[in-house]
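Residue strings, one per chain:
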Amino acid sequence: MASDSAGRRSPQRPGDAHAGEIPSRAEQGPEQGEGPPEPPARERFGEVWLQRLRKDDGRALILYQQLDRDPS
Amino acid sequence: MSELRFNELRGEEVVYAIHRQDRTFLPDRENCPLDPTRPGGPQTEIPVPSFQIAVFDNRFPAFEQPGGAAEVVVYTDEHDGSFGTLTPARAEALMWVWRHRYGELGARADVRYVMIFENRGVEVGVTLHHPHGQIYGYPFLPPVPALELEADARLGGCAPCELLSRELQDGRRLLIEQEHVVAYVPHACRWAYEAHVVMRAHRPSLLECEPQELRELATVLQRLARGYDALFERPFPYVMVVHQAPTDGARQGHLHAELYPPLRTAEKLKFLAGSEQGAGTFISDTLPEESAATLREAIARAA
């Protein structure tokens, strides 16, 4: 089942809190109102940042960036 | 939308995705749909001028919600190169991307099995040369992972754990041994230079891996890929698949990658012919122990 050789883990379903990683957090979303559209909010997932976008035809697109190249 | 039909004689699903007939086929590099969209250049699948790793819904999906998923994973915005030539940091980031997609797709009710894979080379049907892989979210449990679960039952526990133990004890087919990850040519491989990359600890999926295990998985996969290229001093075609636990809640499985290269010599391909297709029995003209020795030397040369 889902325990390792040292028996450290319990069964888990994919998507349930993503075991063993740095907790995710979402950054602030775009401000409403003035100016050009802000880029979508970034989320952290382990060692990567991700940004969720939609293509013109509605298909999902996710851009990932290595943590150590965080531009902010 | 694709149509599934059940082949009673084979006991398996067949997917009819007729819209894929018109998918982009080996475009020239100026019109690569996986390049970034550069100022003044053609609009591509990725509407930004640069990126690191991009994942998007396949324009020509074999599966789509609510009947599964088909995603494209672009490893880099550089058109040339390969998985083996990515920087180590990028390859490690790719493991996190795989983990993220496995978690999200696997949590969907319409996805029972998530398979991450890469087809490399025209010999295995690649239609775009830009370094990329794919992810299918199957709405059913496909035959190969189902057979792996049967192997668990036959061996009385986790089959990859047992087979890894046997390979470590035998030693003749080992390719790469690291703290968390081992690569070997299987005792009864189907392809001349088939290799399996297996986690030492029992990890059903990428979700259960520690960060250092993901880093090492990337390292071993890249060393193997570069060793393949060194083997015949040419870009080496392969199919690479990542097998993990089905996402139906049971969490039975053991994370490992299987690589199926079709070359049996520098110039000759192994074809699936009468025995392989008609009887399901592979006939190989290379012993796994000899392949492993040759491949070990190539991996050492490529290091």
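Residues numbered from 1 in each chain as written. Chains lettered and ligands numbered in written order. Predicted model: local features only at pLDDT ≥ 70, side-chain atom pairs only at ≥ 80, totals over all residues.

The next thing to look at is the overall build of chain B. Each helix and strand counted, chain B has 6 helices and 11 strands in total. Taking 303 residues into account, the globule formula puts the C-alpha radius of gyration at 19 Å, and chain B, at 19 Å, falls close to it. At a minimum sequence separation of 6, the contacts of chain B that also span at least 24 residues come to 65%. (Helix = DSSP H or I, 4+ residues; strand = E, 2+ residues; numbered from the N terminus. Rg over C-alpha atoms; globule rule 2.2 N^0.38 Å. Contact = placed C-beta atoms within 7 Å.)

Before going further, it helps to examine the packing of helix α1 (residues 88-106) of chain B against helix α4 (residues 211-231) of chain B. Residues and elements named next belong to chain B. As a packed pair, α1 and α4 sit with axes 8 Å apart at the nearest point and diverge in direction by 120 degrees. In terms of orientation, α1 lies oblique with respect to α4. At the point where α1 passes α4, the crossing takes the right-handed sense. Listed contacts from α4 to P88, A91, E92, L94, M95 and W96 of α1 are L214, R215, L217, A218, T219 and Q222. Partitioned by chemical class, the residues of the contact of α1 with α4 number 8 nonpolar, 2 polar and 2 charged. (Axes fitted to C-alpha atoms, helices over the stretch in contact; angles between N-to-C directions. Parallel < 35°, antiparallel > 145°, perpendicular 65-115°, else oblique. Left-handed = near helix turned anticlockwise from the far one by under 90°. Nonpolar A, V, L, I, M, F, W, Y, C, P; charged D, E, K, R; others polar.)

Once that is clear, we can look at the sheet that holds strand β9 (residues 195-199) of chain B. Read across the sheet, 12 strands follow the order β1(A)-β2(A)-β3(A)-β3(B)-β4(B)-β6(B)-β5(B)-β10(B)-β11(B)-β9(B)-β8(B)-β7(B) without closing on themselves; strand pairing throughout is antiparallel. The open sheet has two edge strands, β1 (42-45) of chain A together with β7 (174-177) of chain B, and neither has a second partner. The sheet shows a mean angle of 20 degrees between the axes of neighbouring strands, taken without regard to direction. (Pairing = 2+ DSSP bridges.)

Right, let's talk about the pairing of strand β8 (residues 181-184) of chain B for a bit. Residues and elements named next belong to chain B. Residues of β8 alternate between two faces, with V181 and A183 on one and V182 and Y184 on the opposite face, all of them buried. What sits between β7 and β8 in their antiparallel hairpin is a turn of 3 residues. As defined by bridge partners, β8 adjoins β9 across 4 bridges and the pair is classed as antiparallel. Across the sheet, residue A183 finds its bridge partner in β9, namely V197. (Buried ≥ 20, exposed ≤ 12 C-beta atoms within 10 Å, placed from the backbone.)

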